[in-house]
Amino acid sequence: MGIYAERNEFMRVVLYFSLDLDHGLMARLIASFRSRNIQILQQTPVESIGFERATELFRQSPRNADAVIGFGGGKALDVAKYIAFLSRLPYLSMPTSLSNDGFCSPQSSLTIGDRRHPLPSAMPFGVILDTAVCLNAPEILWHSGVGDLVSKFTAVTDWKMAFHAMGTPVDDFAALLSDASVYQFLARPTRDLEGMRLLGTALLLNGISMSICGSSRPASGSEHLISHALDSVSKRPRLHGLQVGVATYLISLLQGQNSRRIAGLFDATGFWRAIASDPFDRAEWLEAARLAPSIKAEFYTVLSSRDCLPEIESALHSDSNLQRCFR
Ligand SMILES: [Zn+2]
């Protein structure tokens, strides 16, 4: 890390890190800064993703830093990215797991009240991704990353449907980039060092595709609306990518595209098995599906094309893949 900071003349940095970060990793990071004479002006553990707390941390941050660094899981990175955005400083993102595409995206997901909201942020100046560190993270985080990645299939289809139904502009380059990143991972969906590199690269390209077109469309469609709704109606919301992954398969049935491909990937990666070991609540999902179309104004998706609720209810009960995901 030190070498990348030094190369860009970030000699004074502020660091936000996950509360439960491995001590050995933290020691390695600090040693790497010291070896390049980089001064850590402040280092703060991130315990909450509340908007209020993030703005308080921003007010407490030193004014003479050259860059902000986020180190750890999604929460620490979301907070660090937002503080960097408020401070108008370059942000370096160092994920220790690949549970979603947030480590390289132009948004921060913070809570206001008890609900998570996507807030505008700047794209990271750089991402430093250690595949060995990510491989060491719990397997469920990898499943979550796979779930978030595969949603690009349904997001891009929703985007094209919005173009045909409403004239929503589609950026073809962003759509192609998003699409291509998934296929690269599909060709080799293995949880090893090379697999981490492929998943990391794919998620990173998703973030870049959002920034190219200035919209979340290439990475987020109706499957994300269902996940956002679940975050507010569910008694126990799960990891973003686990919710999004199952919602992606469900939406692919409504769109009539890619369902087999997605189901095959979930078989190969053990995603279905992971969900079945701690199934979702069917009633909560039906409620989330009912709320989903009203979550974002003027955001046309397959859910806007017709009343999808009867189809969703039937799929949750009778589709052989979905049956094992619900109780
Ligand atoms: Zn996502």
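To be clear, the structure that these remarks concern was listed above.
Residues numbered from 1 in each chain as written. Predicted model: local features only at pLDDT ≥ 70, side-chain atom pairs only at ≥ 80, totals over all residues. Heavy atoms only, no water.

### Some details on the pattern of salt bridges
Using the criterion set out here, one finds 16 salt bridges in the structure. The closest approach of N and O atoms between arginine 12 and aspartate 66, which form a salt bridge, is 3.2 Å. Of the two residues, arginine 12 sits in strand β1 (residues 12-18) while aspartate 66 sits in the loop between α3 (51-60) and β3 (67-72), which places them 54 residues apart along the sequence. Taking the relative accessible area as the measure of exposure, arginine 12 reaches 30% and is therefore partly exposed. Here glutamate 287 makes a salt bridge to arginine 290, at a shortest N to O gap of 2.9 Å. Taken together, the residues glutamate 287 and arginine 290, both in helix α13 (residues 282-291) and three residues apart, mark about one turn of the helix. It is possible to trace a salt-bridge network through shared partners that takes in Glu47, Arg53 and Glu56. (Salt bridge = Lys/Arg side-chain N within 4 Å of Asp/Glu carboxyl O. Helix = DSSP H or I, 4+ residues; strand = E, 2+ residues; numbered from the N terminus. Buried < 20%, exposed > 50% of the residue type's maximum accessible area, 1.4 Å probe, protein only.)

### Observations regarding unusual backbone geometry
With phi around 60 degrees, glutamate 9 is a residue other than glycine that occupies positive phi space. A relative accessible area of 63% places glutamate 9 in the exposed class. Positive phi is not limited to glycine here, since glutamate 298 has a value of about 50 degrees. The topology assignment puts glutamate 298 in the loop between α13 and α14 (302-305).

### Focus on empty space enclosed by the protein
Applying the stated rule across the entire model yields one cavity of 30 Å³ or more. Of the pockets and cavities examined, the largest cavity occupies roughly 90 Å³. Along the walls of the largest cavity sit 13 residues, with Gly73, Gly74, Leu77, Asn100 and Phe103 positioned nearest its centre. Residue composition of the lining of the largest cavity, by class: four nonpolar, seven polar and two charged. (1 Å grid on protein atoms, 1.4 Å probe; cavity = no way out; pocket = protein on both sides within 12 Å on 5 of 7 lines; lining within 4 Å. Points joined across faces, edges and corners; volume = space filled by probe spheres on them. Nonpolar A, V, L, I, M, F, W, Y, C, P; charged D, E, K, R; others polar.)

### Details of the layout of surface pockets
In this approach the atoms are scanned with a rolling probe the size of a water molecule, which exposes any empty space left behind. Here the second largest pocket is characterised by a volume of approximately 230 Å³. Lining of the second largest pocket is provided by 14 residues; of these, Met1, Arg28, Phe71, Met94 and Asp130 occupy positions nearest its centre. Listed by contribution, the elements that provide at least two residues to the lining of the second largest pocket are α2 (23-34) and β4 (91-95). Its residues assigned to classes, the lining of the second largest pocket comprises ten nonpolar, two polar and two charged.

### Quick look at the environment of glycine 72
Tracing the backbone shows glycine 72 in strand β3. Taking C-alpha positions, glycine 72 is 5.0 Å from serine 18, a pair spaced 54 residues apart along the chain. When sequence neighbours within four positions are dropped, the list of residues in contact with glycine 72 reads Ser18, Leu21, Leu77, Met94, Pro95, Thr96 and Ser97. (Contact = heavy atoms within 4.5 Å.)

### Some details on the coordination of the zinc ion
Only Asp148 (OD), His224 (NE2) and His240 (NE2) from the protein reach the zinc ion as donors, at distances of 2.1 Å. When the donor residues of the zinc ion are listed from N- to C-terminus, their spacing reads D-x75-H-x15-H. Of the two residues, aspartate 148 sits in helix α6 (residues 139-166) while histidine 224 sits in helix α9 (residues 222-233), which places them 76 residues apart along the sequence. According to the relative accessible area criterion, aspartate 148 is buried, its value standing at 0%. (Donors = N, O, S within 2.8 Å, 3.2 Å for Na, K, Ca; no water.)

### Considerations on the pairing of strand β5 (residues 107-112)
Here β5 pairs with strand β6 (residues 115-120) via six bridges, running antiparallel. Counterpart to leucine 110 in the pairing with β6 is histidine 117. In this antiparallel pair of consecutive strands, β5 and β6, the connection spans two residues, and glycine 113 shows a positive phi of 70 degrees. (Pairing = 2+ DSSP bridges.)

### Notes on the sheet that holds β4
Strand order across the open sheet formed by five strands is β2-β1-β3-β4-β7, with parallel pairing between neighbours. At either margin of the open sheet sits one strand with a lone partner, and together these are β2 (39-46) and β7 (126-127). For β4 and β7, the ladder comprises two bridges, and the chain directions are parallel. What sits directly across from leucine 92, in β7, is glycine 126.

### A few points about the side chain of serine 181
Tracing the chain through its elements places serine 181 in helix α7 (residues 172-186). When its relative accessible area of 1% is taken as the criterion, serine 181 is described as buried. Engagement of the side chain of serine 181 in a polar contact is seen with the backbone oxygen of serine 178, the distance being 2.6 Å. Within the structure, serine 181 has its side chain in polar contact with the side chain of asparagine 206 (distance 3.1 Å). Not counting residues within four places of it along the chain, the set of residues in contact with serine 181 comprises Leu149, Ala202, Leu205 and Asn206. (Polar contact = N/O pair within 3.5 Å; in protein donor to acceptor, adjacent residues only side chain to side chain.)

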